[in-house]
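For reference, the chains in residue letters:
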Amino acid sequence: MTITCKLLLENHAQDWQEATVHPFLEQCQLGIIQPQQFNTWLMQDYLFVVEFTRMVGRVLASAPPEHFDVILGGLAALKDELNWFQEKATQRQLNLNIKKQPTCREYCEYMQSLADKPYPVQATAFWAIELAYNQGWQLPGKMPDPYNEFAQRWGNTDFTKYVKLLSQQADEVLETAQEDIQKQAEESFLIVAKFEHNFWQMAFHTAQHESK
Ligand SMILES: Cc1ncc(CO)c(N)n1
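Residues numbered from 1 in each chain as written. Predicted model: local features only at pLDDT ≥ 70, side-chain atom pairs only at ≥ 80, totals over all residues. Heavy atoms only, no water.

Considering the UniProt feature "domain: Thiaminase-2/PQQC" (unreviewed entry) in the protein
Part 1 of the argument: Following the UniProt record, the feature "domain: Thiaminase-2/PQQC" (unreviewed entry) maps to residues 11–204 here.
Part 2 of the argument: Secondary structure within residues 11–204 divides into 79% helix and 0% strand; the distance between the first and last C-alpha atoms comes to 27 Å. (UniProt positions renumbered as here; feature names shortened; annotations may be inferred. Helix = DSSP H or I, 4+ residues; strand = E, 2+ residues; numbered from the N terminus.)

This is how it looks when you write it as structure tokens:
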């Protein structure tokens, strides 16, 4: 049987729930997240997105030309997103020239390791990483300022459509992938889910002295 993005979500509902539903996001929605928690997330996510952008560049390099449109659209959005992160950091007087925390570093190293994997595995991981933020920021519902801007960035309907296109591209190449490659794609989905959970944990449980 062929694995699909939909089946991955159905077969691993618990892992996916832990990746996308977290007190960090719930407390943003309630407006009670602590600034040091939020700022830790912001700074570490900037560092993550730098490496994610490189990963998407490598996904493009592995992709068939029919998939370029969607991936290049994603890269253009990432260019905008990196500039936006820098603006947000400046507004909050945060220095982005900091070290990655271990969870962020491990996630980034994992994204680098995907370069050696077949394209269907890369496409599945790419989709999962984007879906995690699309759903994570969307599920809590309307957020108060200043968090609404963050929720909208990944929760907006155009982003949802883009993630849908990513799932279609992944499904298309999974359909003809050999069984062991489908297995690797499933593993990559579970690894992404675990890292997404750990990333929220990292920001949520950050101590005051680690926040700057
Ligand atoms: C941790 C993390 N996962 C996913 C994304 C983007 O989808 C992000 N910005 N950060």
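Quick word on the site of the ligand
Part 1 of the argument: All residues in the neighbourhood of the ligand are listed as Asp45, Phe48, Val49, Ile129, Glu130, Tyr133, Trp154, Glu196 and Phe199.
Part 2 of the argument: At a separation of 3.2 Å, an oxygen atom of the ligand approaches a polar backbone atom of Ile129.
Part 3 of the argument: In this structure, Glu196 approaches the ligand through a side-chain N or O atom, which is 2.6 Å from a nitrogen atom.
Part 4 of the argument: Contact with the protein chains removes 99% of the 290 Å² of surface that the ligand exposes when unbound.
Part 5 of the argument: Judged by the proximity of its atoms to the pocket grid, the ligand belongs to the largest pocket.
Part 6 of the argument: For the shell around the ligand, the secondary structure elements donating two or more residues are helix 4 (35–62), helix 7 (119–138) and helix 10 (179–204).
Part 7 of the argument: Looking at side-chain class alone, the shell around the ligand contains six nonpolar, no polar and three charged residues. (Near = heavy atom within 4 Å. Polar contact = N/O pair within 3.5 Å; in protein donor to acceptor, adjacent residues only side chain to side chain. Areas by Shrake-Rupley, 256 points an atom, 1.4 Å probe, with all protein chains shown as cover. 1 Å grid on protein atoms, 1.4 Å probe; cavity = no way out; pocket = protein on both sides within 12 Å on 5 of 7 lines; lining within 4 Å. Sits in = over half its atoms within 2 Å of the grid points. Nonpolar A, V, L, I, M, F, W, Y, C, P; charged D, E, K, R; others polar.)

Observations regarding the pattern of salt bridges
Close approach of charged atoms lets side chains of opposite charge pair.
Part 1 of the argument: For the coordinates displayed, the defined rule picks out eight salt bridges.
Part 2 of the argument: The closest approach of N and O atoms between Glu51 and Arg54, which form a salt bridge, is 2.7 Å. Taken as a pair, Glu51 and Arg54 lie in helix 4 at a separation of three residues, close to a single helical turn.
Part 3 of the argument: Overall, Arg54 belongs to the partly exposed group, its relative accessible area being 49%.
Part 4 of the argument: Here the salt bridges share partners, and the residues they tie into one network are Asp80, Glu81 and Arg153. (Salt bridge = Lys/Arg side-chain N within 4 Å of Asp/Glu carboxyl O. Buried < 20%, exposed > 50% of the residue type's maximum accessible area, 1.4 Å probe, protein only.)

Re the packing of aromatic side chains
Part 1 of the argument: By the definition in use, this model includes 30 aromatic pairs.
Part 2 of the argument: Between Trp137 and Trp154, the ring centres sit 5.8 Å apart and the planes meet at 25°, which makes this aromatic pair stacked. Residue Trp137 is found in helix 7, and its partner Trp154 is found in helix 8 (residues 147–155); the two are separated by 17 residues along the sequence. As far as the burial class goes, Trp137 and Trp154 line up, both buried.
Part 3 of the argument: One aromatic cluster is present, built from ring pairs that chain together Phe24, Phe38, Trp41, Tyr46, Trp84, Phe85, Tyr133, Trp137, Tyr147, Phe150, Trp154 and Trp200.
Part 4 of the argument: When the ring centre of Trp84 is taken as origin, the NZ or CZ atom of Arg153, which lies over that ring, is 4.2 Å away. (Phe/Tyr/Trp six-rings, centres within 6.5 Å; stacked < 30°, edge-to-face > 60°. Lys NZ or Arg CZ within 6 Å of the ring centre and 35° of its normal.)

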